[in-house]
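Listed here are the chains, written in short residue letters.
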Amino acid sequence: MTRNGSPGVSFEAATEEPGLRVLDPVDNHQYQLDTPAPVDPAPASVDRFAYPVDAAVAVRTTAIRLPTATNVYVRDPDGALVASVEHLEEATLDPGPYTLELLTPVKCYIRLDSTVDLQADFTETRIDFGDETDIVVGARSRRTQPAATVTTTTDPADLLATVSTFGSALGTTMPERSYPSLRGHPPAVELGDELDTCGLEPLSSDVRLELPETTEAALTAAPLAYYLGAEVRPADEARIVADGAVHPLSDATGAGFERTVEEALKTLFFMDCLTRYDGAYGHGRRLHERETLTGELGLDFDYLYHADHAERVRRYLTVPYRTIEPHLPQWKVAATARPAGTAIETLPFLVDDLALVRTPNRAAGETGSDAESAQAEAVASFLSDDGSVRAADGFTRGPSAGGFTRSSSSGSGGGVAAASDTDDLSFVSPEPADAIEQVWVGEGIPFGASEALLTAYRNRLGREPGDGEIDITVVCNDAAMDEETDVEAVYGQRDILPFEVELRHDLSTDELADLLDDDHDFLHYIGHAEPDGLVCEDGKLDCRNLDGVGVESFFLNACRSYRQARGLIEAGAIVGVGSHSDVTNAGAVGLGRTMARLLEHGFPFAPALKIAQEHHPTGQQYIVVGDGGLSVVQCTSGTAVLCEAGRLDQERISLTVSGYPTPTHGLGTEFMPFVSQAENTYYISSGRIDTFELSPAEVHDFFQLGSPPVRTPDGLVWGDAFDPEDL
């Protein structure tokens, strides 16, 4: 049975290896619970679980093996934590009724009444029930969607009332709200003739956020209002009022306001991450950031955990920001949004990521014409005198330089996009931000940021569930570019996920249109493009004229494919990559192979392109369009990992581990590196996690457990090909 008729999570008996496969087709995520013998799942009631699940089945088995290192929490019928088993731990429980919570990519629970023996190592977790036992498995999708749609006008007073509804989506105001699974999606927003908040109210009645009645203030403070669960009231000065105490947020002009809002949001979130370890999920666990700061902060975390919400907020905001700043996780998203209707309707999707929201004229302390002049100067560095996109040295070489581009015409001289291709486009350069993904919302094509499109977010919410398989299609429409088709072998090489990968050549316009119309999770297009179409055998297919597409994500590895990428998003896709100028074939091949490997490892689009750009200069000519936080496939460990290795001496290697949030494991997720120096220690997983000094043997063992990308002095390599002797 499913909860509320949810079309999301489902179960099926595994056919190749005995077990139970849990499917979340809405997100293309799945997980298999291995069993010693085949099982026959029967529908069960979701009401048997105290925790929300979308579907449940009953099976009979003696044991379950989780094919990845997975934390398991055991609770009694009252919800009290009885035991927890993490990496290299074990526990044996007497017969009794228990609920097992599994931290798997698709959230799973197991209800049973028996003995339980749990053992975990670096590669798997085993759960043994002794004799054959009847168990009930429940699961829910990690993705949340808006529960309602608020209608608002562009009047700033109505916008403040709209932002005041966002906190209704929080699962709790306890410190556990710092876990992404307990932060629901804010209500969607649509512009209309009058305000209608659908009766939604924030969770907290003892904390409020006071703001001036301006569009800029509403946009910037929306993530803070959401995370506080606070009512938003109009006022002359911006401030947080909690437990009778006032915390000023500077004034609502200039960068001072944006900076203080950012600091308040980061402080509240980070302090919750430290404090939540005194709750049910912190039993016997160590958080690196908390252990580092406990003495310096001198706080009673147990008191803070059990304090009421307003008191906890008040105490958090007395912590000096400069004390915690070096230990903060790198933020997931920083958004620059023009204060207009599109930004208002996009705001809930930014808030769902806890994005830092800025407006263009408030970057780096600049206001008014100064900011506009700085932006114009930055954009000018990308453009030639005729208004075309400047090709940096080495990015593009025409036929005379011994190479060819992926443009089907030579009108641009093989070096830049022709002026006629760009004279109706406006380029912008958002102020850099210390975030994994930087996005731009509004008119203009951004350099150094993803272009967030409202249509893409809405397409994501409206997509239909798939069949559980990850469908990837590689199209090569020019035989001269065949060397890049080896990316077909990259996609689908992970054994624990079912892939269907197809390679097609030399499609006609009708064939390509039919392919785009069909349901595909990802399209990797290799070929020529012009602003008015993708080049086929019999002409050009202009994606801007398509009524709809079934392709969800794509990489158009061709020259000047930006307009076609926009067209695919407007027709129904969620995210993709295109280029805004000519690119050399050699550069495109290298970038394409790196992008394929990063996407196959579960990196979301925006960080995947950002990493690829650091190692392929051609990458600067590409842009993510749409929802850059989307992944093609789930990441095995939940958090996507990037390493950096360097030689210290003959006996020691420096290994820096960095984490990247994914759709299933967002900001606030914990991560434990599989190295002896971090044994039983968790880190907040966004950004640089830590640097470890390891022996070559320890480094070898680390990469036996996975094959993440590794930065080395010689470039980007992969864990399965990394040799410490090469450093």
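Coordinates for the structure precede this section.
Residues numbered from 1 in each chain as written. Predicted model: local features only at pLDDT ≥ 70, side-chain atom pairs only at ≥ 80, totals over all residues. Heavy atoms only, no water.

### A word on the overall build of the protein
For clarity, the threshold we go by: Numbering of helices and strands runs from the N terminus; a helix is a DSSP stretch of H or I covering at least four residues, while a strand is a stretch of E covering at least two. Buried residues are those whose accessible area, probed at 1.4 Å on protein chains only, stays under 20% of the maximum for their type, while exposed residues exceed 50% and partly exposed ones sit between those limits. Contacts between residues were defined by any pair of non-hydrogen atoms, one from each residue, lying within 4.5 Å. For every accessible area listed, the method is Shrake-Rupley and the probe measures 1.4 Å; residues are considered covered only by the protein chains on display.
Counting its secondary structure elements, the protein contains 17 helices and 39 strands. The burial tally for the protein puts 59% of its 727 residues in the buried class. Excluding contacts between residues fewer than 6 apart, the proportion of contacts in the protein whose partners are at least 24 apart in sequence is 69%. Of the roughly 27,400 Å² that the protein leaves accessible, carbon and sulfur atoms contribute 44%.

### A few points about a negative patch on the surface
For the record, the criterion: Patch members must show over 30% relative accessible area and no salt bridge, and they are joined within 9 Å when carrying like charges or within 5 Å when they are nonpolar side chains of Val, Leu, Ile, Met, Phe, Trp or Tyr. Any Lys or Arg side-chain nitrogen found within 4 Å of a carboxyl oxygen on Asp or Glu counts as a salt bridge. In this charge count, Lys and Arg are treated as positive and Asp and Glu as negative; neither His nor the chain ends contribute. Where a charge lies is defined by one atom per residue type, namely NZ (Lys), CZ (Arg), CG (Asp) and CD (Glu).
A cluster of acidic residues, Asp-482, Asp-506, Asp-510, Glu-511, Asp-514, Asp-517, Asp-518, Asp-519, Glu-537 and Asp-538, forms a negative patch at the surface. Relative to the assigned elements, Asp-517 resides in helix α13 (residues 509-517).

### Observations concerning the packing of aromatic side chains
The condition is simple: Planes of paired rings set the category: under 30 degrees apart is stacked, over 60 is edge-to-face and the rest tilted, where pairs are Phe, Tyr or Trp rings (Trp by its six-membered ring) whose centres lie within 6.5 Å. Note on geometry: a ring has a charge over it if NZ (lysine) or CZ (arginine) is within 6 Å of the ring centre and within 35 degrees of the ring normal.
This model, assessed by the stated rule, comprises 12 aromatic pairs. With centroids separated by 6.5 Å and ring planes inclined at 55°, the aromatic side chains of Phe-49 and Tyr-109 adopt a geometry described as tilted. One end of the pair, Phe-49, is in the loop between β4 (42-43) and β5 (55-66); the other, Tyr-109, is in strand β9 (residues 107-120), with 60 residues separating them in the sequence. For the ring pair Phe-702 and Phe-703, a centre distance of 5.2 Å and an interplane angle of 80° mean the geometry is edge-to-face. Phe-703 carries the same exposure label as Phe-702, and that label is buried. Ring pairs connect the aromatic residues Tyr-227, Phe-269 and Trp-331, which therefore count as one cluster. One Lys or Arg, Arg-276, reaches over the ring of Tyr-179 and ends 3.8 Å from the middle of that ring.

### Some points on the nonpolar core
Selection criterion: Throughout this description, the term nonpolar core refers to a set of buried Ala, Val, Leu, Ile, Met, Phe, Trp, Tyr and Cys residues connected via side-chain atoms within 4.5 Å.
One finds Leu-209, Leu-224, Ile-240, Leu-249 and Leu-297 to be the most contacted residues of the largest nonpolar core, which totals 76 residues. Core analysis: the next-biggest nonpolar cluster, separate from the first, contains 40 residues, Ile-470, Leu-630, Val-633 and Tyr-660 among them.

### Brief notes about the sheet that holds strand β38 (residues 709-712)
Stated precisely, the cut-off is as follows: Whether two strands pair comes down to DSSP finding at least two bridges between them. Here an angle of 0 to 180 degrees is reported between the N-to-C directions of two axes, which are lines fitted to C-alpha atoms, with helices fitted over the stretch in contact.
Ordered by their spatial adjacency, five strands build an open sheet running β37-β34-β33-β38-β39, and the pairing between neighbours is mixed. At either margin of the open sheet sits one strand with a lone partner, and together these are β37 (687-694) and β39 (715-718). Neighbour-to-neighbour, the strand axes of this sheet turn through a mean angle of 25°, independent of strand direction. Each of β33 (640-647), β34 (653-660), β38 and β39 is contacted by helix α16 (residues 605-615), which is oriented at about 125° to β39, the strand it contacts most.

### Comments concerning helix α15 (residues 585-600)
Using the following cut-off: Multiplying one less than the number of residues by 1.5 Å gives the expected span of a helix.
Look at α15: 22 Å from first C-alpha to last across 16 residues, which is about the 22 Å you get at 1.5 Å a residue. Judged by how many residues are buried, α15 sits mostly within the fold: 14 of 16 residues are covered.

### Focus: the side chain of Thr-656
As a reminder of what qualifies: Pairing of N or O atoms within 3.5 Å defines a polar contact, subject to two protein rules: one partner must be a possible hydrogen donor and the other a possible acceptor, and residues neighboring in sequence count only if both atoms are side-chain atoms.
Along the polypeptide, Thr-656 turns up in strand β34. Within the structure, the side chain of Thr-656 is placed 2.8 Å from the side chain of Thr-691, a separation counted as a polar contact.

### Observations concerning a nonpolar patch on the surface
Where nonpolar side chains cluster on the molecular surface, the patch consists of Leu-88, Phe-122 and Leu-705 and spans about 230 Å² of accessible area. Structurally, the position occupied by Phe-122 is in the loop between β9 and β10 (125-140).

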